[in-house]
Amino acid sequence: MRAVWRLATRSLWARPWRSAMLIAAVALSAALIAAVACALDSVNRAIAEQLSSQIGQADARLTASSSSVDFPVSYLDVVESWDEVDRVWAELTSTVGLTIVKDGMVAQGDEYVRTQRLLRTSSLAHGVWFSTGQVNLKLIAGRMPTDRGEIVIDALTARRLSWIEAVESFGSNVLQLGSSTSRHLDLKPIPVPERASTAEQAARINEHVGVRPGDRVTVFRLLGPRRTLEVVGVAAPPPLGGRPQVWISMPDLAEILRKENRLSLIEMTLKDGVDAEAFVDRRQAELGDRFLLQTTAKVRTGVERNVASSQLGFVLAAVLCFLSAGFIIMTGLNTGLAEQRRSLAILRCVGATPGHLAWTQLAIGLAVGGLGAAIGVPAGVGVAWVLVEVFREQMPSGLGLPALTLALSAIGATMAGVGGALWPAWQASRLSPMSALSARAVPVRARHVKLTMLVGLLGLLVQAGVVGIPTDGQVVFWGYATLGLPLMFLGYFLLGVPMVVLMVRALAPGLSALLGLPRELLGRTMRATPFRYGLTAGAMMGGLALMVALWTNGGGFLRDWLGKIRFPDAFVSGVALSEESQRRLNELPFVEQTCAITLLPVETDVFGVKALQSYKTTFVAFEPETFFEMADLDWVQGDPETAKRRLREGGAVIVAREFYVAKKMGVGDVFTCKANDREESFEIVGVVTSPGLELVSKFFNVGEQYVDQSVHAVFGSRRDLKERFGDESIGLIQIELSDDIDDETALETIRSELIGSGVLDAGSGRQIREELIALVKGFLLVFSVVAAMSMLIACFGVANVVAASIHARRFEFGVLRAVGAQRWLLTRLIIGE
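As a starting point, this report considers the structure included with it.

About the cut-offs
- Residues numbered from 1 in each chain as written.
- Predicted model: local features only at pLDDT ≥ 70, side-chain atom pairs only at ≥ 80, totals over all residues.
- Heavy atoms only, no water.
- Salt bridge = Lys/Arg side-chain N within 4 Å of Asp/Glu carboxyl O.
- Helix = DSSP H or I, 4+ residues; strand = E, 2+ residues; numbered from the N terminus.
- Buried < 20%, exposed > 50% of the residue type's maximum accessible area, 1.4 Å probe, protein only.
- Axes fitted to C-alpha atoms, helices over the stretch in contact; angles between N-to-C directions.
- Parallel < 35°, antiparallel > 145°, perpendicular 65-115°, else oblique.
- Left-handed = near helix turned anticlockwise from the far one by under 90°.
- Contact = heavy atoms within 4.5 Å.
- Nonpolar A, V, L, I, M, F, W, Y, C, P; charged D, E, K, R; others polar.
- Pairing = 2+ DSSP bridges.

Under the counting rule described, the total for this entry stands at 28 salt bridges. One salt bridge in this structure joins Arg-719 and Glu-723, with 3.6 Å as the shortest N-O distance. In this pair, Arg-719 and Glu-723 both sit in helix α23 (residues 718-725), four residues apart, roughly one turn of the helix. For Glu-723, a relative accessible area of 55% translates into the label exposed. Through salt bridges with shared partners, a single network forms among Glu-84, Arg-282, Arg-283 and Glu-286.

Here we come to the packing of helix α18 (residues 579-587) against helix α24 (residues 743-754). Axes are the key here: two packed helices are described by the angle between their axes and the distance separating the axes. Where α18 meets α24, the axes come as close as 11 Å, and the angle between the chain directions of the two elements is 135°. In terms of their interaxial angle, α18 and α24 are classed as oblique. In this structure, the crossing between α18 and α24 has a hand that is right-handed. Here α18 contributes Ser-581, Arg-584 and Leu-585 to the contact with α24, which in turn contributes Ile-750, Glu-753 and Leu-754. Residues of the contact of α18 with α24, tallied by class, amount to three nonpolar, one polar and two charged.

On to the pairing of strand β8 (residues 216-220), then. The buried count for β8 comes to four of five residues, which makes it a mostly enclosed element. Inspection of the sheet shows strand β3 (residues 85-108) paired to β8 by three bridges, in the antiparallel sense. Across the sheet, the residue bridging to Thr-99 is Thr-218, located in β8. Across five bridges, the pairing between β8 and strand β9 (residues 226-235) is antiparallel. Directly across from Arg-216, in β9, lies its bridge partner Glu-230. What sits between β8 and β9 in their antiparallel hairpin is a turn of five residues, with Leu-223 showing a positive phi close to 65°.

So, on to unusual backbone geometry. Backbone geometry places Arg-258, a non-glycine residue, at a positive phi of 60°. Counting through the fold element by element, Arg-258 comes out in the loop between α7 (250-257) and β11 (262-263). A positive phi angle is found at Asn-261, which is not glycine, with a value near 60°. Judged by its relative accessible area of 58%, Asn-261 is exposed.

All right, on to the environment of Gly-716 then. Tracing the backbone through its elements, the reader meets Gly-716 in strand β21 (residues 709-717). Dropping the residues within four chain positions of it, Gly-716 is found in contact with Phe-619, Val-620, Ala-621, Phe-622, Leu-647, Ala-652 and Val-653.

Before going further, it helps to spend a moment on the packing of helix α26 (residues 810-818) against helix α27 (residues 823-832). Viewed as axis vectors pointing N to C, α26 and α27 meet at an angle of 140°, and their least axial separation amounts to 10 Å. Comparing their axes, α27 and α26 come out oblique. The two elements α26 and α27 meet at a crossing, and its hand is right-handed. Where α26 abuts α27, its residues Phe-813, Leu-816 and Arg-817 lie against Arg-823, Leu-826, Leu-829 and Ile-830. A breakdown of the residues in the contact of α26 with α27 according to their chemical character gives five nonpolar, no polar and two charged.

Here it is as structure tokens:
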């Protein structure tokens, strides 16, 4: 094998720049895959951390069947008495208001003067017994409470209780990537002077103003007692965003809420050897319908399946990326092989065997792939590290280094090199010394081009059959992922060869005239090497196709879907909002109408991929009369009057158009779903285009949506929600405002009037639309970078082919120069190619 490696290294060093371009193509592919792998693993680690913060380390949890209902503390004794239970801990949760008075600078004429401002916000409060040691928070400042009268707030609450946030953007938990939720905590408090002479000086002072450990905040619930508590610690913000939260001692929160001896949640760990599923089934029968006992394993399993589903897309992208790199390597090595025909023939004459020549090509491919992996994988890890450091607050778990995935990236890059060398190796092994010495060039046979076209069309035909023939969505998905997509990619790749021939025939005469070239020169040189140019064009296809698909679908979403959604003027969101909250909203002079809505995730088998994803559908519960007056629905099937009547009667739902497309479920069909361990069936009385309320829910719950992937919606009555699923909570209230008030003023008044009434967030329909548009554009930008990287990889293939073409035709170019061709003519010829 020493001779083989010597031949391989001499071949690579003979064309250093072209070899470098092949290595660069593989390195960029490996870097792209490694960067995406590390970024995905970092996000998944943040998801796992957020999940742990939401459901803890418990094996099971007990709640009331309705999310708006608590239960007596005596049930804690009941749970502790169960033989299967090892440890228990409990919480009382509710939304509370927090206020604090701070000094800051405001404009007064040409100067800035000191004044006091009441900073206020709403947060989700957890009432716990700190003495049990079950509350494990990651603190970024201060300490954990040790007694009553103390409180820990999270960084998002701290941000809302800062001067800059109160003035500029109070009330939103939607974070821009890379933004800090605790910027004032990093700054030392400074004395606020009586006056400031410049806006810059006033802004610098105000940036330091905000709540810190040692401050005292007032915590209250509407019409309830107020308690002043000392902030002793600030907890890290939840990964990937989330609701603002605070932690208070159980007796303090019970006093504020006037709910002494009440609980919202009991979590428990089971003794070794106890089967959690069997335990839940047995004890649920004892508790009855009033309580919901669940294993946390169900939640974790659902999340793990949803996370795993993202890995499939990554694997497919990696395969396609390395296929593209493999074709680039194959084209480059095949081009080099054509240049070395005479040299290889001489080697055969002096004793080299066909195996030596074949193994030399494979060694070259192995060297190119191995060097590309050695350069690309560390580079990709470095890019991911920079991204994680920039977004450290959203991904506090740090950089993820998935050893298996990174190893597969390196192996994939190496295999791309070896795979790309297979065809040149086969060609080299068939090389005859006499034919190689006698022929300067071998013409391309037309039947080879036709055969390539037939194989490419066959790949597209198989892909079309995989998608179009089966009626089962599961068969379609797995057939497309494992067979259809690779064959489609390979088919389009091979079609690059006949397409080059056709394009040359169509465009060469006109392009030659435009560039001032001899009539047959450009067309003849291109037709001489259709495989070289065609496969290189195929390498450019992948990135461009991805870019076109992204912007076509993204633009369609923004223009044809989101652009047509008519959001109500404003929304308020909270945890278990009450009818009292809605009544207070209706009493505001500028509020014309409100509609209480609950968005309940329900299980259904309509969407998703079995054994891969845990999808849910949003059951949007509303009051039919006011909802239909405020919503702007496009009816695909059914009519509003009939649907309204049936919804009032009960047992009926309206479904989104996606249900009809996916399962042909329309008016008269039965929709079955499950929530709160209750399975219910409803008659479909209408099919509509979704008004996007599930998007509104995600706007107010950033960072919590990966627990249940929720797609599309069904619309039912709140009466069915209460009677069939035992849920009386209100999650959203949509509001219709009068025309004589602007959104900002209305929202500020709503936040002021309803603080402490259960409202966590308020937002206008316009604000929500703008945030969603920005979010979609952000995703388009990220994936466009991936597509651009794919095209950049293909550029190295183009450069390699052009350089090889120039090198192979040095004699031809010399003849052209000898008969009078100018250098600029040769430049125009290369540009034309």
